[in-house]
There are 2 protein chains.
Amino acid sequence: MADQKKLVAEITSMDEDFTQWYTDVVIKAGLIAYSQIKGFMVIKPEGYAIWENIQKHLDARFKAVGVENVYLPMLIPESLLNKEKELVNGFAPEVAWVTSGGSEPLTERYCVRPTSETLFSDFYQQDVHSWRDLPKVYNQWCSVVRWEKETRPFLRSREFLWQEGHTVHATREEAQERTQQMLNVYADFLAEDLAIPVVKGRKTDKEKFAGAEATYTVEALMHDGRALQSGTSHDFGDKFARAYGIQFTGKDNTLEYVYQTSWGMTTRVIGALIMVHGDNSGLVLPPRIAPTQVTIVPIQQRKEGVLEKAYELKDILSNFRVKVDDTDKSPGFKFAEQEMHGIPLRVEIGPRDIENGVCIIARRDTGEKQECAVTELAQTVGALLEQIQKDMLERAKKHLEAHTYTASSSEEFERTFAEKTGFVKAMWCGDKACEEQIKEKYGVTSRCIPFEQETVGSTCVCCGKPAQKMVYWGKAY
Amino acid sequence: MADQKKLVAEITSMDEDFTQWYTDVVIKAGLIAYSQIKGFMVIKPEGYAIWENIQKHLDARFKAVGVENVYLPMLIPESLLNKEKELVNGFAPEVAWVTSGGSEPLTERYCVRPTSETLFSDFYQQDVHSWRDLPKVYNQWCSVVRWEKETRPFLRSREFLWQEGHTVHATREEAQERTQQMLNVYADFLAEDLAIPVVKGRKTDKEKFAGAEATYTVEALMHDGRALQSGTSHDFGDKFARAYGIQFTGKDNTLEYVYQTSWGMTTRVIGALIMVHGDNSGLVLPPRIAPTQVTIVPIQQRKEGVLEKAYELKDILSNFRVKVDDTDKSPGFKFAEQEMHGIPLRVEIGPRDIENGVCIIARRDTGEKQECAVTELAQTVGALLEQIQKDMLERAKKHLEAHTYTASSSEEFERTFAEKTGFVKAMWCGDKACEEQIKEKYGVTSRCIPFEQETVGSTCVCCGKPAQKMVYWGKAY
């Protein structure tokens, strides 16, 4: 087991230094490599395969609710971006500008899209004419660039991959419904596919997206008690429609403005996967999203019949995503690698097992091992993968509950954040000034005004005035 | 049928003006919209769904031959691009430069990737250490930017979507084999999924990719007799490895350079799909790639039971990609739309058909109609879709053969290009000067030196000197 220790020893313990643990996992599990430009990462096969599975599952959920995929240009003319002042103020400080093309300077600067509200608005302005053209429920999978100062792989990078949905509707109500519907798609996807439970709610005006009337969010809690905004859905009302002149002829023949929404989820959720489920041996991936679900490790593989049996087990498990590790590394090294990569199940098969018609199955999430008759392998693996998916969600739920606190006074609020890291539920007066003061004092932000409101006090934990809403507060990534 | 005529009348006839016909189809079939920046297009749902199916089929073929997907940065530092002089000379005049990020000017310009050989080389230089790390067979699906002067949707755009594969190998032979293998993947994909037959061959030195030792190509022939390069595969030998210092420790413990390949296919093939199969009523899509395979058109849909029956037929056809056109448009208009969008089959169902337990099936490719018992519908549709896929390939093959000519003398060569448009097979001495002269004189280029060589003469059709190779010549897009 010397090999195994050596490999595992290379990861910093998460209790010792969570930030370093995260970086170690991202690199050692082979998810990314750094490029020459700060904040631009290479997503390696192991990382990209996770993204492909995320795309597959999320895209299927989109299509089930009538979303159609499109592709819009990567560049935005400065004049187009300028049309929506609020949005520009939001993104202007962090865009990359293209100033020459084909050895000639451009007459107008183009920015690399940081998000595509302006482009979709410009497109819809030309494409929508009549109420018959509505709604349009479009989405694109692409990369975007935001010139962040501080960068961390997946969590905050200058270039990242995402999907951005942009829809136009005939009525305000329909746009509002779509905003909520897509938030629910995100919440279901996170819970059911990524085993990540979330708090659903509305962002305060201070935290909402530039240009939106309302921003809704799904907030997840990482292992270290910090929050990660994992997906957002924006209701724009007719704001963009008015700025970009997106009008349609209604059934009664009058000219009306459309109502718009947008919603996005990014490669950031890979960061959430790591920080919600990972442990000191590396990644722990939920079976639904794991690129490889089962690794078969032959023991004493040079002995006659062992490798053949390993391939036979692979055939038996052909309904799953299975690999045989037939490299010349030691079994201990292979175990450590399977753990580092977060592969949900490991099947061990050696000469003695073959004699007895059995193999050993080890769970990545709990470390539990069990003997299994080869004749029952496929059925057992299927049941175990389902069980792991469920257990991972349950454990994450328990962690979320255990790290969600309540504070009914400013003293309790202060003490809780001094002693704990997690979500703190506390009342708020609705005043932006209090949010700013809380941020300055405790370094925490309002994560959301949850849909499920509770009364955990009667006065604002900042100013003591009568409270309007219960808010989830926390330190965020 | 007035509606139908009206809609169809909006497309220019392909015999009258092929270029305008192409533009009309691209727009009227709803594949793209123009954006504010020349050469940057919006790919609309109808167009993007074709690309998604292309991705699905091609990616499955890649994975079957061991390709792994990754994602590399969108931007390339100028200093990195400069390392490979030949490549720079190839792309420098047509890149877009980012000069500021986050309101600050950059200390070094970054170009938006026109292709990613440099980035992959930089990555492999860090990632490859030992013979155990080889081969690496990576691919990415992304968008690239090339600042073309003349642009046309799909065929030549400043931004386009593609896949680019980049591999590193321990030996020259293995890289050569991979180059050929991927060319065959393209040829098979084009023939079997897109029903587009191709000529496979090697590019002359004049036409090869900047920096490559050899470029292989699959060349397709459009309906108007012009050629379209539909996919290329490059063998770089150890050229990039030497420029970027990509070395590995071999089994014998010596330091060696890797051998590299790259291969790409782009949204251009959508242009090929249109120009190989389309007709004066619009698109004609091969069933395997068609986003919708069957449109069901209810006749007299307001009569009781008609719409219900149409939905029932949809359920019967649930193994296929089926839509019911239940809009309030006239049947004639719906027929014309189904034809414009190239949907392979149309099923018509009206009150009299319901009485008789039948429906009408119309083929998009031939216009043939047949009556079909509802009880046999699923089976008949399945068989027809397979038949259409085969017939489309056969027709395209016949067109390719009928428009491939042979010229054994310079007189015959000149006469053929004066009278015909298509491929001309003719002998060549191997001299670049002759290629240049032929291009200047007749406006045609060498498309490839086909793998299947024939002797169609003994002397070069340009200079009359002894011939080295038989070459396919043609006017290209």
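Residues numbered from 1 in each chain as written. Chains lettered and ligands numbered in written order. Predicted model: local features only at pLDDT ≥ 70, side-chain atom pairs only at ≥ 80, totals over all residues.

**Digging into the overall build of chain A**
Next, step 1: Helix and strand content of chain A: 15 helices and 23 strands.
Next, step 2: Seen along its three principal axes, the alpha-carbon backbone of chain A occupies a region of about 80 × 60 × 45 Å.
Next, step 3: Scored against the burial criterion, the 477 residues of chain A give a buried share of 50%.
Next, step 4: A fraction of 69% describes how many contacts in chain A between residues 6 or more apart in sequence connect residues 24 or more apart. (Helix = DSSP H or I, 4+ residues; strand = E, 2+ residues; numbered from the N terminus. Buried ≥ 20, exposed ≤ 12 C-beta atoms within 10 Å, placed from the backbone. Contact = placed C-beta atoms within 7 Å.)

**Quick notes on the pairing of strand 11 (residues 227-237) of chain A**
Residues and elements named next belong to chain A.
Next, step 1: In terms of burial, strand 11 is a largely internal element, 10 of the 11 residues being buried.
Next, step 2: Once strand 10 (residues 214-221) ends, the chain turns through five residues before running back antiparallel as strand 11, passing Gly225 with a positive phi of about 85°.
Next, step 3: As paired strands, strand 11 and strand 14 (residues 259-266) are joined by five bridges and run antiparallel to one another. Paired with Thr232 across the two strands is Gly264, which belongs to strand 14. (Pairing = 2+ DSSP bridges.)

**Considering the relation of the copies chain A and chain B**
Next, step 1: Relative to chain B, chain A is turned by 180° and slid 0.0 Å along the rotation axis, the superposed coordinates differing by an RMSD of 0.0 Å. Accordingly, the operation relating the two chain copies is best matched by a two-fold axis. Residues of chain A ranked by C-alpha distance from the rotation axis are headed by Val98 of chain A, positioned 2.1 Å from it.
Next, step 2: Mapped onto chain B, 100% of the interface residues of chain A are again interface residues, and the two copies thus contact each other with one and the same surface. (Least-squares fit on C-alpha atoms with pLDDT ≥ 70 in both.)

**Brief notes about the interface of chain A and chain B**
Next, step 1: Counting residues at the interface gives 43 residues for chain A and 43 residues for chain B.
Next, step 2: The leading source of residues in the side of chain A that touches chain B is strand 5 (residues 96-101) of chain A, at six residues.
Next, step 3: Of the residues that constitute the side of chain A that touches chain B, the class distribution is 26 nonpolar, 10 polar and seven charged.
Next, step 4: Relative to strand 5 (residues 96-101) of chain B, strand 5 of chain A runs antiparallel, the two sharing five bridges. Bridged to Trp97 of chain A within strand 5 of chain B is Ser100 of chain B. (Nonpolar A, V, L, I, M, F, W, Y, C, P; charged D, E, K, R; others polar.)

**Concerning the domain arrangement of chain A**
Next, step 1: Domain boundaries assigned for chain A yield domain 1 (8-277), domain 2 (294-387) and domain 3 (404-474).
Next, step 2: Taking only C-alpha atoms, the centre of domain 2 of chain A and the centre of domain 3 of chain A are 49 Å apart. (Domains from an automatic or database assignment.)

**Examining the confidence of the model for chain A**
Residue and element names in this part refer to chain A.
Next, step 1: Predicted confidence across chain A gives a mean pLDDT of 95, with 97% of residues reaching 70 or more.
Next, step 2: For the stretch residues 1-5, pLDDT sits under 50, and the model shows nine contacts to residues farther than four places along the chain or on other chains.
Next, step 3: Per the prediction output, this complex has pTM 0.96; the corresponding ipTM is 0.96. (pLDDT = per-residue confidence, 0-100.)

**Observations concerning the sheet that holds strand 5 of chain B**
Next, step 1: If you walk across this open sheet you meet the six strands as 4(A)-6(A)-5(A)-5(B)-6(B)-4(B), and the pairing is antiparallel. Unpaired on one side and paired on the other, strand 4 (75-77) of chain A together with strand 4 (75-77) of chain B mark the two borders of the sheet. On average, each strand axis in the sheet is tilted by 45° relative to the strand beside it, whichever way the strands run.
Next, step 2: The pairing of strand 5 of chain B with strand 6 (residues 104-112) of chain B spans four bridges and is classified as antiparallel. Pairing of Val98 of chain B across the sheet is with Tyr110 of chain B, part of strand 6 of chain B. (Axes fitted to C-alpha atoms, helices over the stretch in contact; angles between N-to-C directions.)

**Some points on the sheet that holds strand 19 (residues 369-373) of chain B**
Residues and elements named next belong to chain B.
Next, step 1: Pairing within the open sheet is mixed, and its five strands lie in the order 16-15-17-18-19. The two strands at the open ends of the sheet, each matched to only one other strand, are strand 16 (322-324) and strand 19. Put simply, the sheet's adjacent strands are angled 25° from each other on average, direction ignored.
Next, step 2: Summarising the sheet, strand 18 (residues 358-363) and strand 19 pair through five bridges and their orientation is antiparallel. Its bridge partner being in strand 19, Ala362 is matched across the sheet by Lys369.
Next, step 3: Against the sheet, helix 10 (residues 306-316) touches strand 15 (294-298), strand 16, strand 17 (345-349) and strand 18, its axis set at about 165° to strand 15.
Next, step 4: Sheet strands touched by helix 13 (residues 377-402): strand 15, strand 17, strand 18 and strand 19. Its angle to strand 18, the strand with the most contacts, is close to 10°.

**Observations regarding the environment of Thr204 of chain B**
Residues and elements named next belong to chain B.
Next, step 1: Turning to its location among the elements, Thr204 is positioned in the loop between strand 9 (199-202) and strand 10 (214-221).
Next, step 2: On the basis of neighbour count, Thr204 is assigned to the buried category, with 20 C-beta atoms found within 10 Å.
Next, step 3: Between the C-alpha atom of Thr204 and that of Ala214, which follows or precedes it by 10 residues, the distance is 8.4 Å.
Next, step 4: Discounting chain neighbours no more than four positions away, the residues touching Thr204 are Glu435, Ser446 and Ile449.

**Brief notes about the nonpolar core**
Next, step 1: Among the nonpolar cores identified, the biggest contains 283 residues, and Val258 of chain A together with Val258 of chain B are the most heavily contacted of them.
Next, step 2: With residues near it in sequence (within four places) discarded, Val258 of chain A still touches Tyr124, Val128, Leu134, Val168, His169, Ala170, Asp238, Ala241, Ile246 and Phe248 of chain A. (Core = buried A, V, L, I, M, F, W, Y, C linked by C-beta atoms within 7 Å.)

**Some points on the environment of Ser79 of chain B**
All names here are of chain B.
Next, step 1: Looking at the secondary structure, you find Ser79 in helix 4 (residues 78-82).
Next, step 2: Under the C-beta neighbour-count criterion, Ser79 is labelled exposed, with 11 such atoms within 10 Å.
Next, step 3: For the pair formed by Ser79 and Tyr110, sequence separation is 31 residues and the distance between their alpha carbons is 8.8 Å.

**Focus on the environment of Gln437 of chain A**
Next, step 1: If you trace the backbone, Gln437 of chain A turns up in helix 15 (residues 432-442).
Next, step 2: Each C-alpha atom of the pair Gln437 of chain A and Phe189 of chain A lies 35 Å from the other, and the pair is 248 residues apart in sequence.

**Concerning helix 13 of chain B**
Residue and element names in this part refer to chain B.
Next, step 1: With 26 residues, helix 13 ought to run about 38 Å at 1.5 Å a step, and its terminal C-alpha atoms sit 36 Å apart, in line with that.
Next, step 2: Those residues of helix 13 lying buried are Val381, Leu384, Leu385, Ile388, Gln389, Met392, Leu393 and Ala396.
Next, step 3: Packed against the buried residues of helix 13 are helix 7 (172-192), helix 9 (268-277), strand 15, strand 17 and strand 18. (Expected span 1.5 Å × (residues − 1).)

**Section: unusual backbone geometry**
One can expect most non-glycine residues to show negative phi and most peptide bonds to be in trans.
Residue and element names in this part refer to chain A.
Next, step 1: The residue after Leu134, namely Pro135, is reached through a cis peptide bond having omega -5°.
Next, step 2: Tracing the backbone shows Pro135 in the loop between helix 6 (117-127) and strand 7 (136-145).
Next, step 3: Residues other than glycine seldom take positive phi values, yet Ser103 does so here, at roughly 65°.
Next, step 4: Residue placement: Ser103 occurs in the loop between strand 5 and strand 6 (104-112).
Next, step 5: Judged by the 11 C-beta atoms lying within 10 Å of it, Ser103 is exposed.
Next, step 6: A positive phi angle, close to 70°, is found at Phe154, a residue other than glycine.
Next, step 7: Position of Phe154 among the secondary structure elements: in the loop between strand 7 and strand 8 (159-169).

**Describing the pairing of strand 18 of chain B**
All names here are of chain B.
Next, step 1: Pairing between strand 17 and strand 18: four bridges, direction antiparallel. Its bridge partner lying in strand 18, Val347 is registered against Ile361.
Next, step 2: Where strand 18 folds back on strand 19, the antiparallel hairpin that results is connected by five residues, among which Gly367 adopts a positive phi of roughly 80°.

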